[in-house]
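Structural overview for review
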Amino acid sequence: TIRDLVDRANGEVHGAVWALRAGTSQGSLQRTIADVIERARRELRLEISFDITGDRPAAGPAEHEVPKIIAEALTNASRHGHARSVRVSVTLSQTRIWVDVVDDGVVPIAPETSGGLGIVGMQERARHCGGSVLVGPNPSGRGFFVKLRI
């Protein structure tokens, strides 16, 4: 119905604006990621367990792209996977950034054909930083994962 189309479009716009806001905090990468997690808890109403280890000086495109990739992964978990809880693990070092986002939602039949640009956008952002994103269903068959490696 038209109402369904309007509701879907409204959700897409809201998600796009939310993802654009991610990564706009001033401060360290650690603080910016923590801000993204807090915003997702409030706006997406997700139960998120979050841990971050290591340290990294602020420099390069990763400082802007990593928070946006995390925001997109959380938006997808909520919108497409209908997840209730998500685990986000971040490991930072001088030479690498590893991010794992694992949710308990439903597994999309074909995430690449949903018509959205979320996964493609995450992959493009990761390549911009010299990294990669791997996505897929959890081995348990329940939920979805996003692995960012830079």
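The preceding data block contains the structure.
To keep things clear, this report deals only with the structure shown in the data block. From a predicted model like this one, the values you see are computed outputs, not experimental measurements.

Below, the discussion takes up the overall build of the protein. Looking only at helices and strands, one finds 4 helices and 5 strands in the protein. Taken from N to C terminus, the helices and strands of the protein fall in the order α-α-β-α-β-β-α-β-β. Residue burial in the protein is summarised as follows: out of 150 residues, 43% are buried. For the protein, the proportion of contacts with a sequence separation of at least 24, taken over those separated by at least 6, is 65%. Looking at the protein as shown, the accessible area adds up to about 8,300 Å², and 55% of this sits on carbon and sulfur atoms.

With that settled, the discussion passes to the pairing of strand β2 (residues 85-92). Bridge count for strand β1 (residues 47-54) against β2 is 8 bridges, and the pairing is parallel. Each bridged residue has a counterpart across the sheet, and for Glu47 the counterpart in β2 is Ser85. Bridge count between β2 and strand β3 (residues 97-103): 7 bridges; the pairing is antiparallel. Bridged to Thr91 within β3 is Trp98.

Here we take up the environment of Ile33. Structurally, Ile33 can be placed in helix α2 (residues 29-43). Ile33 sits in the buried class, given a relative accessible area of 0%. Once the C-alpha coordinates of Ile33 and Val90 are considered, the two residues, 57 residues apart in sequence, prove to be 9.0 Å apart. Once residues lying within four places of it in the same chain are set aside, the contact partners of Ile33 are Phe50, Ile52, Val66, Pro67, Ile70 and Val90.

What follows covers helix α4 (residues 118-128). The α-helix winds at 3.6 residues per turn, so residues separated by three or four positions along the chain end up facing the same way. Where α4 is concerned, the buried positions are Gly118, Ile119, Met122 and Ala126. Buried residues in α4, looked at end-on, bunch into an arc of 100°, giving them a common side. Counted as exposed and oriented over 90 degrees from the buried face of α4: Arg127 and His128. Summarising the contacts, the buried residues of α4 are in contact with α3 (62-79), β4 (132-137) and β5 (144-149). Once α4 ends, the next one or two residues include Gly130, with phi positive near 80°.

The rules behind these values
Residues numbered from 1 in each chain as written. Predicted model: local features only at pLDDT ≥ 70, side-chain atom pairs only at ≥ 80, totals over all residues. Heavy atoms only, no water. Helix = DSSP H or I, 4+ residues; strand = E, 2+ residues; numbered from the N terminus. Buried < 20%, exposed > 50% of the residue type's maximum accessible area, 1.4 Å probe, protein only. Contact = heavy atoms within 4.5 Å. Areas by Shrake-Rupley, 256 points an atom, 1.4 Å probe, with all protein chains shown as cover. Pairing = 2+ DSSP bridges. Arc of directions from axis to C-beta.

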